[in-house]
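# Observations on chain architecture
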Amino acid sequence: MNDDQYAEKQIYKVVIAAPIETVWSELVNTQSPRPFFWNSNWDAKEMAPGNRYRMLSGDGKVVAVIGEIIEMEPPRKMVTSFQLTSLPDPASTVTYLLKDVDGGTEFQLITEHVVAGSKSEKSMASGSKSIVENFKAYVETGKVTFGARMMLGLFALMTPLTPKTMRAENWPLEK
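Values in this document were obtained by computation on a predicted structure and should not be read as measured data. (Residues numbered from 1 in each chain as written. Predicted model: local features only at pLDDT ≥ 70, side-chain atom pairs only at ≥ 80, totals over all residues. Heavy atoms only, no water.)

For the rest of this paragraph, the subject is the pattern of salt bridges. Where side chains of opposite charge bring their charged atoms close, a pairing between them can arise. Under the counting rule described, the total for this entry stands at five salt bridges. The salt bridge involving R54 is made with D43; its shortest N-O contact spans 2.6 Å. Of the two residues, R54 sits in strand 3 (residues 52-57) while D43 sits in strand 2 (residues 40-44), which places them eleven residues apart along the sequence. R76 is the salt-bridge partner of D100, the closest N and O atoms lying 3.4 Å from each other. Of this pair, D100 sits in strand 6 (residues 92-101) while R76 sits in the loop between strand 4 (63-73) and strand 5 (77-84), placing them 24 residues apart in sequence. Relative accessible area serves as the criterion here: at 44%, D100 is assigned to the partly exposed category. The class of R76 is partly exposed, set by a relative accessible area of 38%. (Salt bridge = Lys/Arg side-chain N within 4 Å of Asp/Glu carboxyl O. Helix = DSSP H or I, 4+ residues; strand = E, 2+ residues; numbered from the N terminus. Buried < 20%, exposed > 50% of the residue type's maximum accessible area, 1.4 Å probe, protein only.)

Structure representation (structure tokens):
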């Protein structure tokens, strides 16, 4: 694809009132569902460059995102490919950047190489805003926003209606 077929790079930024090591640890935690990632877990052989990952629901039945870890520089940078399993669009790139600043850690989520006008573009724009807002809330308070908690409850109720294409057996970690 030509660069003109991609949406503009989007940068979502927030300052989190916590040390960079804490923010990094919460971002890459593989041990529990990440409520700011819609209660999904990072599922990877290892959180290291060259490894595939998938975002697996807490019950292990649904995979919303697949990709590969492209680059990691703890505790400052992680770059991944990113493909929504519910849509036919090709993978894009998501970069997470952390920087020490007065008052805590600046957290950036950057999306690139998203097909312009695609459903992924629209989904990633709203999703990225939600992730940044709820990641900040979670790290600072231990809870995501009230709106996100309501949405997670609704998602839990709607799990039986999840498209069959998103079932975990359709997205094995290793190919």
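Continuing now.
The next point concerns the sheet that holds strand 3. Taking strand neighbours across the sheet as the criterion, the seven strands line up as 1-7-6-5-4-3-2 in an open arrangement whose pairing is antiparallel. Each end of this open sheet is capped by a strand with a single partner; those strands are strand 1 (10-16) and strand 2. Sheet twist, expressed as the average angle between the axes of neighbouring strands with direction ignored, equals 25 degrees. Where strand 3 lies against strand 4, five bridges are found, and the strand directions are antiparallel. Within strand 4, the residue paired with M55 across the bridge is V65. The strands touched by helix 1 (residues 20-28) are strand 1, strand 2, strand 4, strand 5, strand 6 and strand 7 (104-112); relative to strand 6, the strand with the most contacts, the crossing angle is about 155 degrees. On top of the sheet, helix 2 (residues 119-141) reaches strand 1, strand 5, strand 6 and strand 7; it is set at about 10 degrees to strand 1, its chief contact. (Pairing = 2+ DSSP bridges. Axes fitted to C-alpha atoms, helices over the stretch in contact; angles between N-to-C directions. Contact = heavy atoms within 4.5 Å.)

Below, the discussion takes up the nonpolar core. Of all hydrophobic cores here, the largest spans 37 residues; its most connected members are L27, M78, Y96 and F107. Ranked by residues supplied to this core, first place goes to helix 2 with six residues. The residues touching F107, leaving out its near neighbours within four places in the chain, are Y12, K13, V14, I16, L27, Y96, L97, L98, V132 and F135. (Core = buried A, V, L, I, M, F, W, Y, C linked by side-chain atoms within 4.5 Å.)

Looking now at unusual backbone geometry. Across the junction of P74 and P75, the peptide omega takes the value -10 degrees, indicating a cis bond. In this structure, W38 is a non-glycine residue whose phi angle is positive, near 55 degrees. Residue position: W38 is located in the loop between helix 1 and strand 2. Positive phi values are uncommon outside glycine, yet H113 reaches one of about 60 degrees. Here H113 shows up in the loop between strand 7 and helix 2. On the basis of relative accessibility, which here comes to 37%, the residue H113 falls in the partly exposed class.

With respect to burial, strand 3 is a largely interior element, five of its six residues being buried. The sheet contact formed by strand 2 and strand 3 spans five bridges and is antiparallel. The partner of D43 across the bridge, within strand 3, is R54. Hairpin connection between strand 3 and strand 4: a loop of five residues separates the two successive antiparallel strands, and G60 in this loop has a positive phi of roughly 75 degrees.

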